[in-house]
Amino acid sequence: MIVLCGAQHAEPSVPRVLGELGVTGPAALITAGWQEREHEPGVIADPGVPVVRLALHARGEQVFADDAELAEAYKARQLRLKEMQEFYRVRLDYAAQAARAVAVRSAGRTGRTGRSDPALVAEEQLASLALIRQIDRDHLDRCRAVHAAFEAAWQPRTRPVLARQVAELRAAIEPTQAIVIAGGHVAVLLNRLRLFGIAELAGGRPIVAWSAGAMALTERVVLFHDDPPHGQAISEILDTGLGLAPGLVVLPEPRLRLHLDDAVRVGEFAGRYAPAVCVAMDHDAQIWVDGGRVIRTVLAQRLDPTGCVEAGWSP
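The sections below set out a description of the structure shown in this document. (Residues numbered from 1 in each chain as written. Predicted model: local features only at pLDDT ≥ 70, side-chain atom pairs only at ≥ 80, totals over all residues. Heavy atoms only, no water.)

1. Here's the deal with the nonpolar core
- In this structure, Leu4, Ile30, Leu56, Ile181, Phe196, Leu248 and Ile287 are the most contacted members of the largest nonpolar core, which totals 51 residues.
- Considering every element that reaches this core, the biggest residue donor is helix α5 (residues 160-173), with 6 residues.
- Ignoring any residue separated from it by four or fewer positions in sequence, one finds isoleucine 181 in contact with Ile30, Leu189, Leu193, Ile207, Val208, Ala209, Trp210, Gly213 and Leu217.
- Counting residues in hydrophobic clusters, the runner-up holds 23 residues, among them Leu140, Phe224, Ile237 and Leu251. (Core = buried A, V, L, I, M, F, W, Y, C linked by side-chain atoms within 4.5 Å. Buried < 20%, exposed > 50% of the residue type's maximum accessible area, 1.4 Å probe, protein only. Helix = DSSP H or I, 4+ residues; strand = E, 2+ residues; numbered from the N terminus. Contact = heavy atoms within 4.5 Å.)

2. Focus: the packing of aromatic side chains
- Under the definition given, this model contains 3 aromatic pairs.
- Centre to centre, the rings of phenylalanine 64 and tyrosine 74 are 4.5 Å apart; their planes meet at 35°, and the pair counts as tilted. One end of the pair, phenylalanine 64, is in helix α2 (residues 56-66); the other, tyrosine 74, is in helix α3 (residues 68-108), and 10 residues separate them in sequence.
- Aromatic pair tyrosine 74 and phenylalanine 150: ring centres 6.5 Å apart, planes at 70°, arrangement edge-to-face. (Phe/Tyr/Trp six-rings, centres within 6.5 Å; stacked < 30°, edge-to-face > 60°.)

3. Considerations on the pairing of strand β11 (residues 293-298)
- Sheet topology places strand β10 (residues 286-290) next to β11; 5 bridges connect them, and they run antiparallel. In the sheet register, isoleucine 287 faces β11, and the bridge partner there is threonine 297.
- Between β10 and β11, which pair antiparallel and follow one another directly, the connecting turn spans 2 residues, one of which, glycine 291, has a positive phi of 60°. (Pairing = 2+ DSSP bridges.)

4. Description of the packing of α2 against α5
- Between α2 and α5, whose axes approach to 9 Å, the crossing angle comes to 155°. Here α2 is positioned roughly antiparallel relative to α5, judged by the angle of their axes. For the crossing formed where α2 meets α5, the hand is right-handed. Residues Leu56, Arg59, Gln62, Val63 and Asp66 of α2 touch α5, and the partners they reach there are Val161, Leu162, Gln165, Glu168 and Leu169.
- Broken down by class, the residue content of the contact of α2 with α5 amounts to 5 nonpolar, 2 polar and 3 charged. (Axes fitted to C-alpha atoms, helices over the stretch in contact; angles between N-to-C directions. Parallel < 35°, antiparallel > 145°, perpendicular 65-115°, else oblique. Left-handed = near helix turned anticlockwise from the far one by under 90°. Nonpolar A, V, L, I, M, F, W, Y, C, P; charged D, E, K, R; others polar.)

5. A look at the pairing of β10
- Across the 5 residues that make up β10, a large majority, 4, are buried.
- Where strand β1 (residues 2-5) meets β10, 4 bridges bridge the pair, whose relative direction is antiparallel. Within β10, the position partnered with valine 3 by the bridge is tryptophan 288.

6. Comments concerning the side chain of glutamate 38
- With respect to the helices, strands and loops of the structure, glutamate 38 is situated in the loop between β2 (27-30) and β3 (51-53).
- With no salt bridge to any partner, buried glutamate 38 finds its closest opposite charge in arginine 192, at an N-O distance of 7.2 Å.
- If we skip the residues at most four places from it in the chain, glutamate 38 touches Thr31, Ala32, Arg53, Ala55, Leu56, His57 and Ala58. (Lys, Arg positive; Asp, Glu negative; His and termini not counted. Salt bridge = Lys/Arg side-chain N within 4 Å of Asp/Glu carboxyl O.)

7. Structural notes on the environment of leucine 260
- With respect to the secondary-structure elements, leucine 260 resides in the loop between α9 (254-257) and α10 (263-273).
- Note on leucine 260: relative accessible area 23%, which makes it partly exposed.
- Here the alpha-carbon distance between leucine 260 and cysteine 308, two residues 48 residues apart in the chain, equals 8.6 Å.
- Excluding its chain neighbours within four sequence positions, the residues that come into contact with leucine 260 are Pro254, Val266, Ala280, Gln301, Leu303 and Val309.

Laid out in structure tokens, this is it:
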């Protein structure tokens, strides 16, 4: 069982979720998204049960300090992914500009009746969307290829230094009843989860994750903001996720990052990532996933390609 949650604030939902799962503790706690602050008390909400801190960020730093060859290869992989992201962003920016220009020109054209041709406008909008979706697919495929090549070339978890850390983690997780994954910096968190093979180490234990942790468990990590401090207000795919919660695009803290009252933007966003379901998750939202299938939701808001926001979405 996997439960994706919204951000944890004054009244965290994770203790209630763990209670429903019958988890009394201990739970293995992952706070690598907070990087060097992962051990600081109070940096995350109290999950409400005794915890075993896995310290994935610190363990990763130790691995790279003790295995210089792996550290260099890892750094090269991350640099390649970063450069790919920059080129992808350039393509995306120009495609988005072209889509807006086509929309304006389509709206300005008139048919024989003196009005815009709705069929032509819809056709041009679909063509613009198809181009952006193709750019997304290409980027996601290339990210998968980079990760696969790194794993094949280095088989990192067979290297002695990392293998020892994985063995320690397996021993630490063995007496726990669940895995709890906090938010923070999503790229760092995802990289540590992948480096140590947490999906495999979890075994059959339930996983409860919130914010960036929830994003990391999906198939694709989507960065989004309708009012960014710089650049265009267009979402972008950061990387492949762990794929434990397929068919979902998780959007935490929507009140801070999305204009859910703008039907055009909502429709464009949802249509772009379809058939994956885009779900806005405020503080108390939950998505329960069993065997890769959504079986229950709490206060989740589904973004529809028509521009509607389905409050209280249930699969």
